[in-house]
Amino acid sequence: MTALSTRRFLQLAGITAAGLFLAACGKKEEPTPPPAPVASAPAPAPVKVYTVGTDAAYAPFESQNEKGEIVGFDIEVVKAIAAKAGFEVKFVNTPWEGIFNALGQGDRDMVVSAVTITEERKQTMDFSNPYFDAAQLIAVKEDSKVAKFGDLKKLKVGVQTGTTGDEAVTKLLGKNSTAIKRFESTPLALKELESGGVDAVVADNGVVVHYVANNPGGKFKTVSDPEFVPEQYGIAIKKGNAELLGLVNKGLADIKADGTYDKIYTQFFGAPPAAAAPASAASK
Ligand code: ARG
């Protein structure tokens, strides 16, 4: 080989080797070019937004303010739970009739609506741990002679369709009773009481007390009866969504532990909840 041809050979070989090197490197490096590490860094998991159904005609638990915003005790409780558990919520006003269907079909991830935990409902939905104690309460006109639940037997009684109040009155008056007037919301039933269309309304105590206090012109009074069984509200969650159920229960425990729950309770009901233990022990 001449000097020239050797150089030429090395040149050619070098080019080829470099070419091969580049090609090999190119292949290896292609998936991770300089900007790639940034692009392939794991993106923070997007915060989950859960859709919450609520029948916002149930003050002070859920209602709409003048601006059309959904507000109330239930709303604050769920917002606080979400903040603790690290998810976001979007409240959607959902009529009571059909609210559990929407949950079952997945149109809502959960329902917060002063929902009483019942064995029957547990068949088709999951419930968080209880977050509120309630009972039925009777609303009548100030001059009414009603003194106990049994006194409603011969009267016209208004209820919200499909509520535990409806259940109690249906049991007392009979399934086929025409004296039961069913309404799509509790305020509608109470308006009917004011205008004399019904003699009494049976609904959750918190809502009845709130309505009577805020409608002095209606000249209502309330009648309680120990015959009404104690009820507890739970957040209803689509059956089988164990992940969300766990998050909600964890968040609820956290807001009870750090005082947030009591703060919200006091904001809406004027005082923190009465200690549950002695009360339930005494009632046993
Ligand atoms: N606690 C009662 C029940 O579960 C009534 C709840 C009605 N809630 C409402 N937002 N309309 O049957």
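To start, this report covers the structure provided alongside it. Keep in mind that what you see is a predicted model, and the values were worked out from it rather than measured. (Residues numbered from 1 in each chain as written. Predicted model: local features only at pLDDT ≥ 70, side-chain atom pairs only at ≥ 80, totals over all residues. Heavy atoms only, no water.)

1. Points about the sheet that holds strand β3 (residues 62-64)
Part 1 of the argument: In spatial order, the strands read β2-β3-β4; together these 3 strands make up an open sheet with antiparallel pairing. One side of each edge strand has no neighbouring strand; the edge strands of this open sheet are β2 (57-58) and β4 (70-71).
Part 2 of the argument: With 2 bridges connecting them, β3 and β4 associate as antiparallel partners. Directly across from Ser-63, in β4, lies its bridge partner Val-71. (Pairing = 2+ DSSP bridges. Helix = DSSP H or I, 4+ residues; strand = E, 2+ residues; numbered from the N terminus.)

2. A short note on the nonpolar core
Part 1 of the argument: Membership of the largest hydrophobic core comes to 34 residues, with the highest contact counts inside it found for Phe-73, Phe-87, Met-110, Tyr-131, Phe-132 and Ile-235.
Part 2 of the argument: Contributing elements (two or more residues each) for this core: β1 (49-54), α3 (73-85), β8 (132-134), α9 (242-257) and α10 (260-269).
Part 3 of the argument: The greatest single-element share of this core, amounting to 8 residues, is contributed by α3.
Part 4 of the argument: When near neighbours in sequence (up to four residues on either side) are disregarded, Ile-235 contacts Val-78, Ile-81, Met-110, Val-111, Val-112, Asp-126, Phe-127, Ser-128, Tyr-131 and Val-248.
Part 5 of the argument: Residues Val-146, Ala-168, Val-169 and Val-202 belong to the second largest nonpolar core, which totals 16 residues. (Core = buried A, V, L, I, M, F, W, Y, C linked by side-chain atoms within 4.5 Å. Buried < 20%, exposed > 50% of the residue type's maximum accessible area, 1.4 Å probe, protein only. Contact = heavy atoms within 4.5 Å.)

3. A look at α3
Part 1 of the argument: The terminal C-alpha atoms of α3 lie 18 Å apart, and with 13 residues this matches the ideal 18 Å at 1.5 Å per residue to within 8%.
Part 2 of the argument: Every buried residue of α3 is accounted for by Phe-73, Asp-74, Ile-75, Val-77, Val-78, Ala-80, Ile-81, Ala-82 and Ala-85.
Part 3 of the argument: Following α3 by one or two positions, Gly-86 adopts a phi angle in the positive range, close to 80°. (Expected span 1.5 Å × (residues − 1).)

4. Observations concerning the pattern of salt bridges
Part 1 of the argument: Within this structure, the stated rule accounts for 7 salt bridges.
Part 2 of the argument: Note that Glu-243 and Lys-48 form a salt bridge whose closest N and O atoms lie 3.5 Å from each other. Taken as a pair, Glu-243 in helix α9 and Lys-48 in the loop between α2 (36-40) and β1 lie far apart in primary sequence, 195 residues in all.
Part 3 of the argument: Note on Lys-48: relative accessible area 43%, which makes it partly exposed. (Salt bridge = Lys/Arg side-chain N within 4 Å of Asp/Glu carboxyl O.)

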